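Reading the structure
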Amino acid sequence: MKIFVCYARVDKPFCREVVRVIDHHEIFMDDRFYAGEDWWEIILDRLAWCDVLIFLISLNSLKSVYCKRELNIALQLGKRIVPILLDEAALQHIPKSLSKFQWVDLTGAMTDEVVRYLHESLLRIESSLKESPQTVPSPKAIDSRPPVFLNGDPAHYIGQASSLMQQGEFDRAQMILQRLRDKPLHPMQKRIVSEMISRNEKLLDEQLSDRTRDMEYRTLCSIAHNPYMREVALAEYKSFCKRFPDYDPENIHAVLFGKQPFNDLTVSKSESVKVTGKPSTFRPQRNPSFSMPMLEFLPVHTNSDMRPFELARYPVTNQQFNIFINDPDGAARLRWWTYSDSARNYRKRSEPLQVTPESEDLKPRSACWYDAMAFCFYLSEQLGQRVLLPTRAQRRRAAQGTDGRRYPFGDELTPDKANYRESGIGHTTPVNAYSSPGPYGHYDLSGNTWEWLLDGAGLEKPYDHRADADRYLTGGSFRSRADELLVTSEMVQSPELTAPTIGFRVMILLKV
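Read on for an overview of the structure. (Residues numbered from 1 in each chain as written. Predicted model: local features only at pLDDT ≥ 70, side-chain atom pairs only at ≥ 80, totals over all residues. Heavy atoms only, no water.)

Quick word on unusual backbone geometry
Here the phi dihedral of Asp444 falls at roughly 60°; this positive angle occurs in a residue that is not glycine. Along the chain, Asp444 turns up in the loop between helix H15 (392-400) and strand E9 (450-456). Look at Asn448: it is not a glycine, yet its phi comes out positive at around 70°. As for its placement among the helices and strands, Asn448 is situated in the loop between H15 and E9. (Helix = DSSP H or I, 4+ residues; strand = E, 2+ residues; numbered from the N terminus.)

Now the structure itself:
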């Protein structure tokens, strides 16, 4: 049977793995060099030639104008479609044209079960084609235009490619740049395009490396818990760590070497997050040499539907965060951000975190959500306890108690109780500057800085720290109106946002 594999360039490692297991068929997979009109003619001919189009579903392929065009042409030609899902994050973006097909799930490793299901799917299609072969029209009669057609000012397309590069859309940028290179350009434009292609290729190679890493890591996860494969898993894991030393989001190291992971966020009895594999029952001891000034956790009275937890008395201060930055095994290590690809990519392209002067020690630390979560994972390892950002429900419980108060310190707000707009200060104050605690003894629950929460907006599982989503904040800041300091007041922001008005507070989950 003749098969056309449609994929985004950065998904090539997965494409090669798929091709490897179906190589008894005739297979076409293009290498996407985007050069010359003849290349598109070849694609059209191969779409007419094939019996089946395998579409590798990822966020990359769903954004690719080439992949989308190839899929639409195959559908118009009546070709059989076999979708293979690579990333769960792509599920909510699958178009209607693909959603009607049953896909092969390759969000984990290429297991024997996955291979068997793929082979059976192709065998059924092959049998049906033998029984009722189809005659289809030429794809040129349907749509022969190349997906990227440049007809205008080259400066416009250079700017468009530059914008795509800044957004991380390197595959799409390369389509435009390769076409631009074949056009008559001003000498300066030609130099710029050539340099952009060179730099963009390097960025594409980094993306390809990340996808290769993901594929290998998924395979390691699939065998890490098998005691009969322990020696193999250990050897492969050591080899993997030499190439990707800071990548272990599922904490395979904990499984293989007996240290408990802290990124399996089980938040409450009704707020669980899916964990891959079987977590170890081992709990590490607190680092005896570790100390952090003003780090004190106070219990919050919870009901039967909420797992017991303790919330930090104060927001995280500059002095506390400086310990994270100054520790050689702290913020200098990328591993604290490997809990998600989004966090890891954010930290890789961002400037190193900077310490604040001693005069600012007791003021709340300004941080984005990604950096706040990294601090949580770092602190977890130091304390031997599971440290997280509080959820919306936990933070509100700590601020409101059981009496339905409007503000953490009661029903009345005056400038002597919190740092907000009416206080007239205009900047952050030390976290212990106000003697107006909440119902359980916590300070600065309203005003001074907004505080990041664990919850993501629009997520099926709100507490999924790996998901790429905007995140909630609460509490108001020194610039906020009185109504923004209410215990019910919240807002949603990008997890990359860092501002003088945004800080965070941590909590620990207690054993049940």
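So that's the structure; there's more coming.
Considerations on the nonpolar core
Formed by 41 residues in total, the largest nonpolar core has its most connected members in Phe324, Trp337, Phe375, Leu389, Phe504 and Val506. Among the secondary structure elements, those contributing two or more residues to this core are helix H12 (318-326), helix H13 (341-349), helix H14 (369-383) and E9. Take this core: its biggest share by element is 11 residues, from H14. Residues in contact with Phe324, not counting those within four places in the same chain, are Gly330, Ala331, Trp336, Trp337, Leu353, Ala374, Phe375 and Tyr378. (Core = buried A, V, L, I, M, F, W, Y, C linked by side-chain atoms within 4.5 Å. Buried < 20%, exposed > 50% of the residue type's maximum accessible area, 1.4 Å probe, protein only. Contact = heavy atoms within 4.5 Å.)

Considering the packing of aromatic side chains
Enumeration over the complete set of coordinates arrives at 18 aromatic pairs. Note on Phe321 and Phe324: the rings are 5.4 Å apart at their centroids and 80° apart in plane angle, and the pair reads as edge-to-face. Of this pair, Phe321 and Phe324 are both found in helix H12, three residues apart, which corresponds to roughly one turn of the helix. The exposure class of Phe321 is buried, given its relative accessible area of 0%. On the accessibility criterion, Phe324 (0% relative accessible area) is buried. Ring plane angle 70° and centroid distance 5.9 Å describe the contact between Trp369 and Tyr370, whose orientation is recorded as edge-to-face. Taking the relative accessible area as the measure of exposure, Trp369 reaches 1% and is therefore buried. (Phe/Tyr/Trp six-rings, centres within 6.5 Å; stacked < 30°, edge-to-face > 60°.)

Focus on the sheet that holds strand E3 (residues 52-57)
Overall, parallel pairing links the five strands, which are arranged E2-E1-E3-E4-E5 in an open sheet. Where the open sheet ends on each side, the last strands, each with one partner, are strand E2 (26-28) and strand E5 (104-105). Bridging between strand E4 (residues 80-85) and E5 involves two bridges; their strand directions are parallel. Looking at the pairing, Leu85 lines up with Asp105 of E5. The sheet strands contacting helix H4 (residues 65-76) are strand E1 (2-6), E3 and E4, and the helix crosses E3 at an angle near 145°. Contacts between helix H6 (residues 112-131) and the sheet are confined to E1, E3, E4 and E5, with E4 contributing the most and set at about 175° to the helix. (Pairing = 2+ DSSP bridges. Axes fitted to C-alpha atoms, helices over the stretch in contact; angles between N-to-C directions.)

Nothing here speaks to function; it is all geometry.
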